[in-house]
Amino acid sequence: MLYRNFGKPIFFKIDPEKAHHLVIGGLDKSSSVPGGSAALRLMYGVPETADLAVDLFGTHFPTPVGLAAGLDKNAEAVIGFSSIGFGFMEVGTVTPKGQPGNDSPRLFRLPSDEALINRMGFNNEGADAMAQRLKKLKNRRIPIAVNIGRNKITSNEAAHEDYRQCIRTLYPYGDFFVVNISSPNTPGLRNLQHGSELSFLLAQVKEEMEIQRKATGITKSLLVKIAPDVSDEELEYMVQTLTEAGMDGIIATNTTLNRDGLSHEKANETGGLSGKPLRDRSTEIIRSIYRQTEGKMPIIGSGGIFTSQDAYDKIRAGASLVEIYTALIYEGPEVNRKLHAGLRQLLRRDGFSHISEAVGADHH
């Protein structure tokens, strides 16, 4: 209750982006203070349990709940986030060259809807800066996924070069990689999800991953993050293309442009919406992907997870892992312990001894 009663009222009086930087800076500094990480683990850490640990993508995940991309864009607070109960985290979205992103204000809270709207625009320091930070991290406690994108000034025709450059620069430092073609805040980016552009891009990034695999002798997985704002036909085509291209998994989903059912006065701000209003749609997308691939394409579920039941619904729909972002802002770091404890109870209730038994259970 510490965050809900003390931290949240303070943070929610501060401009959202300033509060964001305070959190990142605080977690970064706490991990550099002797005993800081241990203190965070004592307060918010989640012990690994046999029933919820997951082995996937050639990687061990101590818990199935990760941190979605967008919060730690520059990999500044990896140790801090690793200490508050996450089983993995995405860093980024990172682009080859640093860029400032869109004009401020560009991040908005919608408390009455338990949602956020952002139009950040891939603001980040660039792939080289991220590589230097990740290079310094030894004995990481959790897997790190590097979420990669294209620079704003890069055309879609040349986008593959940006993705390839990110892979070249960061391949030694990420445990797996996520191709972001679904942010609504970079003009034209979502067009890469469709038609021949998607097939071409995937072939290019897959080729670069293979070049790096041969150069390093280490195999790493490649996932694609998709948008929720697609028709049934578009989703079916995307999933078929991702499967044929040999992608290792899908993250479903990114933020939405849909504003149905919102009550807050800032609901019409431009940008991607995350939080509770996205919950059901992202679960629906997961269910469709699992059905189409017959459970053979691993899925990371993201969008609107606030409770253990929300996470469990995505797992039963077909997700092997899940991610949160907005819930961390609204519920605080205590949320991971609640999710972990609740998931264990739900597994026992349904007679499952391991989370893998619950993946896709709604289809059987």
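Here, residues in each chain are numbered from 1, in the same order as that chain's written sequence. Local features in this predicted model are restricted to residues of pLDDT 70 or higher, and side-chain atom pairs are both shown and tallied only at a pLDDT of 80 or more, whereas totals for entire chains, interfaces and linings draw on every residue. By convention in this description, side-chain values take in all heavy atoms of the structure and omit both hydrogens and water.

Per an unreviewed UniProt entry, the protein goes by Dihydroorotate dehydrogenase (quinone) and derives from Paenibacillus etheri. Per UniProt, the comment on the protein under Sequence similarities (unreviewed entry) is "Belongs to the dihydroorotate dehydrogenase family. Type 2 subfamily." UniProt positions are given in the numbering used here, feature names are shortened, and annotations may be inferred rather than shown by experiment.

Caption draft 1: Just the overall build of the protein, in detail. Counting secondary structure elements, the protein contains 13 helices and 15 strands. C-alpha extents for the protein along the principal axes are approximately 50 × 45 × 45 Å. When accessible area is computed with a 1.4 Å probe and restricted to protein chains, residues below 20% of their type maximum are described as buried, those above 50% as exposed, and intermediate ones as partly exposed. Per-residue burial for the protein yields a buried fraction of 60% across its 364 residues. Of the contacts formed within the protein by residues at least 6 apart in sequence, a portion of 74% connects residues at least 24 apart. Taken together, the 42 basic and 43 acidic charged side chains of the protein have centroids lying 6 Å from each other. The way it works is that DSSP assigns letters per residue, a run of H or I at least four long becomes a helix, a run of E at least two long becomes a strand, and they are numbered from the N terminus. Note on contacts: a residue pair is in contact if any heavy atoms of the two residues lie within 4.5 Å. Only four residue types enter the charge count: Lys and Arg as positive, Asp and Glu as negative, with His and the chain ends excluded. Note that the charge is assigned to NZ on lysines, CZ on arginines, CG on aspartates and CD on glutamates.

Caption draft 2: Here's a closer look at the sheet that holds strand β7 (residues 115-118). Read across the sheet, 3 strands follow the order β6-β7-β13 without closing on themselves; strand pairing throughout is antiparallel. Because the sheet does not close on itself, it has two edges, and the strands there are β6 (107-110) and β13 (272-275). Across the sheet, the mean angle separating the axes of adjacent strands is 20 degrees when strand polarity is ignored. At least two DSSP bridges between two strands are needed for those strands to be called paired. Axis definition: a line fit to C-alpha positions, over the contact stretch in the case of helices; interaxial angles, taken between N-to-C directions, run 0 to 180 degrees.

Caption draft 3: Representation of the UniProt feature "binding site: substrate" (unreviewed entry) in the protein in the model. In the numbering adopted here, UniProt assigns the feature "binding site: substrate" (unreviewed entry) to K73, N118, R119, M120, G121, F122, N180, N185, N254 and T255. If you trace the backbone, G121 turns up in the loop between β7 and β8 (124-126). Excluding its chain neighbours within four sequence positions, the residues that come into contact with G121 are Q99, G101, N102 and N185. Its location among the elements puts F122 in the loop between β7 and β8. Relative accessible area serves as the criterion here: at 5%, F122 is assigned to the buried category. Among all residues touching F122, those that are not within four sequence positions of it are T93, T95, Q99, G149, R150, N180, S183, T186 and L189.

Caption draft 4: Expanded view of a negative patch on the surface. Together, D232, E233, E234 and E236 give the surface a local cluster of negative charge. Take E234: it is sitting in helix α8 (residues 232-244). With relative accessibility at 32%, the residue E234 sits in the partly exposed group. Any residue with relative accessible area above 30% and no salt bridge may belong to a patch, with like charges joined within 9 Å and the nonpolar Val, Leu, Ile, Met, Phe, Trp and Tyr side chains within 5 Å. Accessible areas in this description were obtained via Shrake-Rupley with a 1.4 Å probe; residue shielding takes into account the shown protein chains only. In the sections that follow, a salt bridge refers to a side-chain nitrogen of Lys or Arg positioned within 4 Å of a carboxyl oxygen of Asp or Glu.

Caption draft 5: Representation of the side chain of D51. Its place among the elements puts D51 in the loop between α3 (36-44) and β1 (54-56). Polar contact criterion, stated in full: a pair of N or O atoms within 3.5 Å, where within protein one must be able to donate a hydrogen and the other to accept it, and residues adjacent in sequence count only if both atoms are side-chain atoms. A distance of 2.7 Å separates the side chain of D51 from the side chain of T49, its partner in a polar contact. In this structure, D51 is in contact with R344, L347, S353, H354 and I355, ignoring residues within four places of it in sequence.

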